Amino acid sequence: MTENTLTSEEQQRLSASIKELTALMRPVLIAGDITRAKKCIVAGVAGDVYRRDAFGIHPIVHAVDTALLLCRRVSPDRTMAAAILLYGLIHDGATDIEALRSQWGNDIADTIVRLNRVSTLYDRHATAESDNFRRLLLTFAEDIRVIILMIAARLTLMQAINHHPDEKRVAQVAYESGYLYAPLAHRLGLYAIKSELEDLSLKYTDRATFTSIARKLNETKVKREAYIADFIAPVKSRLEKEGLNFEIKGRTKSIYSIWNKIKKQKTDIDHIYDLFAIRVIIDAPPEREKPECWLAYSIITDMYRPNPARMKDWISIPKTNGYESLHITVYGPDDRWVEVQIRTRRMDEVAEKGLAAHWRYKGVKAEQGLDSWMKNVRDILETADTGPMELMKNLKMDVYNKEVFVFTPKGDLYRLPLGATVLDFAFNIHTGLGSRCTGAKVNGRNCRLSHRLQSGDTVDILTSSVQQPKRDWLSIVITSKARNKIRAAIKEQESHDAELGKELLQRRFKNRKIEIQESILTRLIKKLGFKTATEFFSNLGNGSLDVNTVADSYLDISEKLTEATATVSAEEFVLQTPPKEETDNDILEIGSGDGIVKGLNYKLARCCNPIYGDDVFGFISSEGVVKIHRNDCPNASNIRQRYPYRLIRTRWSGKFGGQMAATLQIVGNDDIGIVTNISSIINREKNSSLRNISINSHDGIFQGFVTVGTGSTEALNSLIKKIKTVKGVKEVKRADNQ
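Residues numbered from 1 in each chain as written. Predicted model: local features only at pLDDT ≥ 70, side-chain atom pairs only at ≥ 80, totals over all residues. Heavy atoms only, no water.

### Description of the overall build of the protein
Scanning the protein from N- to C-terminus turns up 26 helices and 22 strands. In the protein, 68% of the contacts between residues at least 6 apart in sequence involve partners at least 24 apart. For the protein, the exposed area adds up to about 37600 Å²; of that, 48% sits on carbon and sulfur atoms. (Helix = DSSP H or I, 4+ residues; strand = E, 2+ residues; numbered from the N terminus. Contact = heavy atoms within 4.5 Å. Areas by Shrake-Rupley, 256 points an atom, 1.4 Å probe, with all protein chains shown as cover.)

See below:
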């Protein structure tokens, strides 16, 4: 005989329990069920395959007790009873699932598979007080019957471990039961089971408080029962006179509920007035349920003065969880307030042990997805012809199918959106871990950063000290947290690289005796295709861009911009024939020596876009062409400083009848129609035309560059004044070449 062998006491108890279970199950069993079940169980016991649990409870004893509890407290169901009885054979390796499938069918086999899957959660040592853990249980269970089996099995365990010597283990199970299983029972409408779980949880975690309240209730039991009898007697007489068929009884509130009231009201048990409630349960056909409940209400409130503030009508408008009852509080004998609940037999059956959802009753937090799912459950229960439990197997608990639940190697549990990758998981744990992530071992198998995780995966992140976030990571992750962390890390790294790049450029230019000019460097950055200076310097800093190549390109632009290779002075100027320019009009007088020469070929410099009427000067280029710059040109200071000998006096002459291009920078509120209004003003203006417009908007502010054709600075200034009058426009100014 081994420690796993059934004792004589257990055998006697098991025999009695199986006899009762068989009687209760007989209406839902099919031919051969009892024989097959006994054969499996006897073989398991005889083969010594069962292993007692940590509390020393034999698995088959626990399974039969759980099946019996289900029949008593919920409903006899063939699949649920068979699954809980046969599950131990799979868990302890006595048989395989396909053998059971061939004997018992797919429904029972699949339920056992789900039970076994849920049991693996506890092997991971996940934290039970986590909402994620509760959701994972629901996700893994898939079938609501599996959740019910878990709850029933837990209550059976709680009933069996009173005064067990391992108090620490008992307290852990009790705490888990109070946090996890009691709320699940509450949500499924299994209120009697929920109340017992809560009471036992309090008993095992705070026995002194539980015992104190229980003792007080016991001391006042006789007095309380006498009061209830005195209250009920006249009510019962009046209800009978009205011809109602009913049952009336008093019900003491659970110890856990009383304890909550003591804490909430910050008082003691002697000052809790609603320690019990009177329940009137009426037997009435469906069409008479509401009228007879209201008739009972009228009779009771005629006899005892009601408190309108505590009237709760959940018959006219049932709770969203399906709960139906009339609750009233009346002023009874001895100046005591008494709660009375009025409901029909059907309502009481649903409220006590039915599967109607009860998600928000007494402050339990609702979750919209589960509320909707449970409402569907209630609708099916109410219209079921073949029995509600039979229909339940088709209701899969997939309300959390938009999330996955993933474990760390230590058993910590994390919730992520469906489709989350290894990289999402790493950043969800810690930014540093995500930034150094190179991959992961998922369930012991090496996986890439882009591997998509599944519920129940155990993920061990792999890292490298030289790893850094990359821009292509943004296409791998799906969570905003990971995306923001990656962007921030990249920005921080680019800023660091930019500082290194700037120092590198300054040192190299100093060594080559090159003076850095911001205007030329800006042109170089744009020419190389960088959107920002930070991006340019960052590429220098990380080595993507060669600093010597940059220096050479800088010199090329500098030479072309300033015509550094030219040696021609104004006095040595030789007229060249350039390509056709913006205007063929002879409107400029260009000085050479002491005289003024008209008719010389020239170009209007693109860096400042001078127009007729601007203060200008001429600069002789290496091609022998005079380039006309505005006096306030961004390059004017540099040209005058380095090449004063190549400047030539220039002024406008005559009249100009054409148009020259000018660019305006406009800033304003991003109001509806503001761009249309600006365009209309330009098109209505004489000798002006709209050539190009570029608008950017951010946070309700737009900034635009508008290129217009205009005849002179006078006309342009007039146009600027008119644009400033447009509602929403904050600033208008002439811009350099864009």
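### Observations concerning a nonpolar patch on the surface
Taken together, Val675, Ile693 and Ile695 make up a surface patch of nonpolar side chains, about 190 Å² in accessible area. For Ile693, the position within the fold is in strand 20 (residues 689-698). A relative accessible area of 35% means that Ile693 is categorised as partly exposed. (Patch = residues over 30% accessible without salt bridge, like charges linked within 9 Å, V, L, I, M, F, W, Y side chains within 5 Å. Salt bridge = Lys/Arg side-chain N within 4 Å of Asp/Glu carboxyl O. Buried < 20%, exposed > 50% of the residue type's maximum accessible area, 1.4 Å probe, protein only.)

### A closer look at the environment of Glu196
Counting through the fold element by element, Glu196 comes out in helix 10 (residues 191-205). As a C-alpha pair, Glu196 and Ser254 span 58 residues in sequence and 8.0 Å in three-dimensional space. At a separation of 2.8 Å, a polar atom in the side chain of Glu196 contacts the side chain of Gln159. (Polar contact = N/O pair within 3.5 Å; in protein donor to acceptor, adjacent residues only side chain to side chain.)

### A few points about the sheet that holds strand 9 (residues 437-442)
Overall, antiparallel pairing links the three strands, which are arranged 10-9-11 in an open sheet. Unpaired on one side and paired on the other, strand 10 (445-447) and strand 11 (459-463) mark the two borders of the sheet. The sheet shows a mean angle of 30° between the axes of neighbouring strands, taken without regard to direction. Where strand 9 meets strand 10, three bridges bridge the pair, whose relative direction is antiparallel. Directly across from Ala440, in strand 10, lies its bridge partner Cys447. The strands touched by helix 18 (residues 422-429) within the sheet are strand 9 and strand 11, with strand 9 carrying the most contacts at an inclination of about 105°. (Pairing = 2+ DSSP bridges. Axes fitted to C-alpha atoms, helices over the stretch in contact; angles between N-to-C directions.)

### A few points about the pattern of salt bridges
Under the defined criterion, the tally for this structure stands at 26 salt bridges. The salt bridge involving Glu198 is made with Lys194; its shortest N-O contact spans 3.5 Å. With a gap of four residues between them, Glu198 and Lys194 both fall in helix 10, about one helical turn apart. Residue classification places Glu198 among the buried residues on the basis of a relative accessible area of 12%. The class for Lys194 is buried, based on a relative accessible area of 14%. The closest approach of N and O atoms between Asp348 and Arg343, which form a salt bridge, is 3.0 Å. There is no split in this pair, since Asp348 and Arg343 are both buried.

### Here's the deal with the side chain of His327
Mapped onto the secondary structure, His327 falls in strand 5 (residues 326-332). A polar side-chain atom of His327 sits 3.4 Å from a polar atom in the side chain of Ser325.

### Examining the pairing of strand 6 (residues 336-344)
When you tally the buried positions in strand 6, you get seven out of nine residues, the bulk of the element. Here strand 2 (residues 276-282) runs beside strand 6; their pairing, made up of six bridges, is parallel. Within strand 6, the position partnered with Arg279 by the bridge is Gln341. Looking at chain direction, strand 5 and strand 6 are connected through seven bridges and run antiparallel. When the sheet's bridge partners are listed, Leu326 is paired in strand 6 with Ile342. The antiparallel pairing of strand 5 with strand 6 creates a hairpin that spans three residues between the two strands, and Asp334 there sits at a positive phi of about 60°.

### Structural notes on the packing of aromatic side chains
Each aromatic ring pair is specified by the distance between its two centres and by the angle formed by the two planes. Taken as a whole, this structure holds 13 aromatic pairs when the rule is applied. For the ring pair Tyr331 and Trp337, a centre distance of 4.9 Å and an interplane angle of 65° mean the geometry is edge-to-face. The exposure class of Trp337 is partly exposed, given its relative accessible area of 26%. With 5.4 Å between their ring centres and 55° between their planes, Tyr612 and Trp652 make a pair best called tilted. You can see Tyr612 sitting in the loop between strand 14 (602-604) and strand 15 (616-620) and its partner Trp652 sitting in strand 18 (residues 650-652), a full 40 residues away along the chain. Of the two residues, Tyr612 and Trp652, both sit in the buried class. Each residue in the set Phe530, Phe536 and Phe537 is aromatic and connected to the rest through ring pairs, giving one cluster. Taking NZ or CZ as reference, Arg36 lies 4.9 Å from the ring centre of Trp104, over its face. Sitting above the plane of the Trp259 ring, Lys263 keeps its charged end 3.6 Å from the centroid. (Phe/Tyr/Trp six-rings, centres within 6.5 Å; stacked < 30°, edge-to-face > 60°. Lys NZ or Arg CZ within 6 Å of the ring centre and 35° of its normal.)

### Brief notes about the environment of Leu528
One can find Leu528 in the loop between helix 21 (518-527) and helix 22 (533-541). In this structure, the C-alpha to C-alpha distance between Leu528 and Ser553, residues 25 residues apart in sequence, is 9.3 Å. Those residues in contact with Leu528, other than ones at most four positions away along the chain, are Phe536 and Leu545.

### A short note on the side chain of Arg78
Mapped onto the fold, Arg78 is located in helix 4 (residues 78-91). Residues within four places of Arg78 in sequence aside, it is in contact with Met25, Val28, Ile30, Asp33, Arg36, Trp104 and Ile108.

### Topic: the nonpolar core
Counting residues in hydrophobic clusters, the biggest one holds 70 residues, and the most contacted among them are Ile151, Ile161 and Ile193. Residue contributions to this core peak at eleven residues, all from helix 8 (residues 144-160). In contact with Ile151, not counting residues within four places along its chain, are Tyr181, Leu184, Ala185, Leu188, Ile193 and Leu197. Ranked by size, the runner-up nonpolar core spans 37 residues in total, among them Val280, Ile299, Ile328 and Met347. (Core = buried A, V, L, I, M, F, W, Y, C linked by side-chain atoms within 4.5 Å.)

### Side note on the confidence of the model for the protein
In this model, the protein carries an average pLDDT of 82, and 85% of its residues clear a pLDDT of 70 or more. This model gives residues 355-366 a pLDDT under 50, and the stretch forms 47 contacts once residues within four places in sequence are excluded. Contacts of residues 564-585 to residues separated by more than four positions or lying in other chains number 45 contacts, the stretch itself having pLDDT below 50. (pLDDT = per-residue confidence, 0-100.)

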